[in-house]
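Here is how the chains run, residue by residue.
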Amino acid sequence: MVLSGAGISAESGIKTFRDANGLWENHDIMQVATPEGWEENPDLVLSFYNKRRQQLKEVQPNAAHFALKELEEYFEVSIITQNVDDLHERAGSKSVIHLHGELLKVRSSVNENEVLYWPNDLNIGDFCSQGKQLRPHIVWFGEAVPMLELAIPKVTQADIIIIVGTSMQVYPAAGLVDYAAQKTPIYVINLNPHTQSKGNIFVYPEKASLALPKLVKELKKQA
Ligand code: APR
C-alpha cells in the first residue's frame, strides 16, 4: 500500500500545499478549498480549478510515479493518494484511490453520486441532470471523505507500506497508517520528514524521484 501526497508530484511541477505558507498556487486555501469559499465566490473557485486542470495538461509523471508502476511487476500495489492530479494513472498504476477527489471530474452540487469526467473548463451555467450547477469533484476542508471506506482495508491488508511526499498533517488521510498491522514495514520518503527511522519505520529523507526508484530496487529483491 502506498500513501502519496503532494511531494510526489512536486518534481512534475505541481506545487505542494504546506511548503507555501498555507497558500495553494498563491490562493488562500480557505477561499478555494472549502464549501464556504464555494458559496461565497463560485467564479473564483471555478477559475482556480480550471487553471489547475489546464496545468495538468502541461505536466508529466516523474521517476517516482514510474517507479510505483514498475513495482506492480513484482507486488500487488494499491495506491491511496491525497493528490487530485492523474499522474499515477498516467504513469500506468492500475489501482489508485483518490481520497481527496479528482481534478478531471466534476459532480452535481445536489447529488454527490452524479460524477462526470470533465477534462476542460467548468463554468457557471454548466448543469447536472437535475439542472443544478456542477462543482469540482474535490473533497474540500470540512467535507466527508467517502473513499476512506475503500482505503482502510487496503491498509489493514498491506504487507508493506510506503508513505511518500506527504506532510501527514491532514486527517483522516494521516490516520490511515493506524490501521496497519503492528509490524508492517513502513517506508517514509520525504524531503523534510516528519518522523525518524526506528523499529519497523525506515525513513528516506530524499526527493521522491531518487528515493522511490532506489526503494523499488530493494523491494524487488524481496519479491
Ligand atoms: N520528494 C519527497 N517529498 C517532498 C518533495 C519531493 N520532491 N517535495 C516536497 N516534499 C514533501 C514535503 O516535505 C512535505 O512534507 O512533501 C510534503 C508535502 O506536504 P503537503 O504540502 O502538506 O501535501 P499533502 O501532505 O499531500 O497535503 C495533504 O492537504 O490541503 C490539503 O487536500 C490537500 O491533499 C492535500 C492535503
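All figures in this text were calculated on a predicted structure; none of them were measured in a lab.

Cut-offs applied
- Residues numbered from 1 in each chain as written.
- Predicted model: local features only at pLDDT ≥ 70, side-chain atom pairs only at ≥ 80, totals over all residues.
- Heavy atoms only, no water.
- Phe/Tyr/Trp six-rings, centres within 6.5 Å; stacked < 30°, edge-to-face > 60°.
- Buried < 20%, exposed > 50% of the residue type's maximum accessible area, 1.4 Å probe, protein only.
- Helix = DSSP H or I, 4+ residues; strand = E, 2+ residues; numbered from the N terminus.
- Polar contact = N/O pair within 3.5 Å; in protein donor to acceptor, adjacent residues only side chain to side chain.
- Contact = heavy atoms within 4.5 Å.
- Near = heavy atom within 4 Å.
- Areas by Shrake-Rupley, 256 points an atom, 1.4 Å probe, with all protein chains shown as cover.
- Pairing = 2+ DSSP bridges.
- Axes fitted to C-alpha atoms, helices over the stretch in contact; angles between N-to-C directions.
- Parallel < 35°, antiparallel > 145°, perpendicular 65-115°, else oblique.
- Left-handed = near helix turned anticlockwise from the far one by under 90°.
- Nonpolar A, V, L, I, M, F, W, Y, C, P; charged D, E, K, R; others polar.

## A closer look at the packing of aromatic side chains
The way to describe two aromatic rings as a pair is by their centre distance and the angle between their planes. This structure, assessed with the given rule, holds 5 aromatic pairs. When the ring of F48 is compared with that of Y49, the centres are 4.9 Å apart and the planes differ by 85 degrees; the resulting orientation is edge-to-face. Comparing F48 with Y49, the two get one shared label, buried. Seen from their ring centres, Y187 and F202 are 5.2 Å apart, and the 25 degrees between their planes marks the pair as stacked. Highlighted residues: Y187 in strand β10 (residues 186-189) and F202 in strand β11 (residues 201-204), separated in sequence by 15 residues. Overall, the relative accessible area of 10% leaves Y187 in the buried class. Taken together, the aromatic side chains of W38, F48, Y49 and W140 make up a single cluster linked through ring pairs.

## Regarding unusual backbone geometry
Each neighbour pair has its own omega, and for Y171 with P172 the value is 5 degrees, a cis peptide bond. In this fold, P172 is placed in the loop between β9 (161-164) and β10. Located in the positive-phi region is M168, a residue other than glycine, with phi close to 55 degrees. Here M168 shows up in the loop between β9 and β10.

## Observations concerning the side chain of T81
As for its placement among the helices and strands, T81 is situated in strand β4 (residues 79-81). Side chain to side chain, T81 and S4 meet in a polar contact 2.7 Å long. Those residues in contact with T81 that sit more than four places away from it in its chain are S4, H88, V96, I97, H98, L99 and H100.

## Observations regarding the site of the ligand
Residues in close proximity to the ligand total 22 residues, the closest being F17, R18, T166, S167 and N190. Between the ligand and the protein, one listed contact pairs a nitrogen atom with a side-chain N or O atom of E11 at 2.8 Å. Contact between the ligand and S167: an oxygen atom at 2.5 Å from a side-chain N or O atom of the residue. In isolation the ligand exposes 740 Å². Once the protein is present, 94% of that is buried.

## Section: the sheet that holds β4
Taken in spatial order, the 6 strands line up as β5-β4-β1-β9-β10-β11 in an open sheet, and their pairing is parallel. Each of the sheet's edge strands pairs with one partner strand only, and the pair in question is β5 (96-98) and β11. The average undirected angle you get between the axes of adjacent strands in this sheet is 15 degrees. Across 4 bridges, β9 lies against β10 in parallel orientation. Bridge pairing in β10 links I163 to V188. This element, helix α8 (residues 208-222), spans β9, β10 and β11 of the sheet and lies at about 160 degrees to β10.

## Focus: the packing of helix α5 (residues 63-71) against α8
Contact pair α5 / α8: the axes reach a minimum separation of 7 Å and the direction vectors enclose 15 degrees. With respect to each other, α5 and α8 are oriented roughly parallel. Taken as a pair, α5 and α8 cross one another with a handedness that is left-handed. Across from A63, A64, A67, L68, E70 and L71 in α5, the residues of α8 making contact are A208, S209, L212, P213, V216, L219 and K220. Class assignment for the residues of the contact of α5 with α8 results in 10 nonpolar, 1 polar and 2 charged.

## Some remarks on the environment of Q55
With respect to the secondary-structure elements, Q55 resides in helix α4 (residues 42-58). Separated by 18 residues in the primary sequence, Q55 and G37 have C-alpha atoms spaced 22 Å apart.

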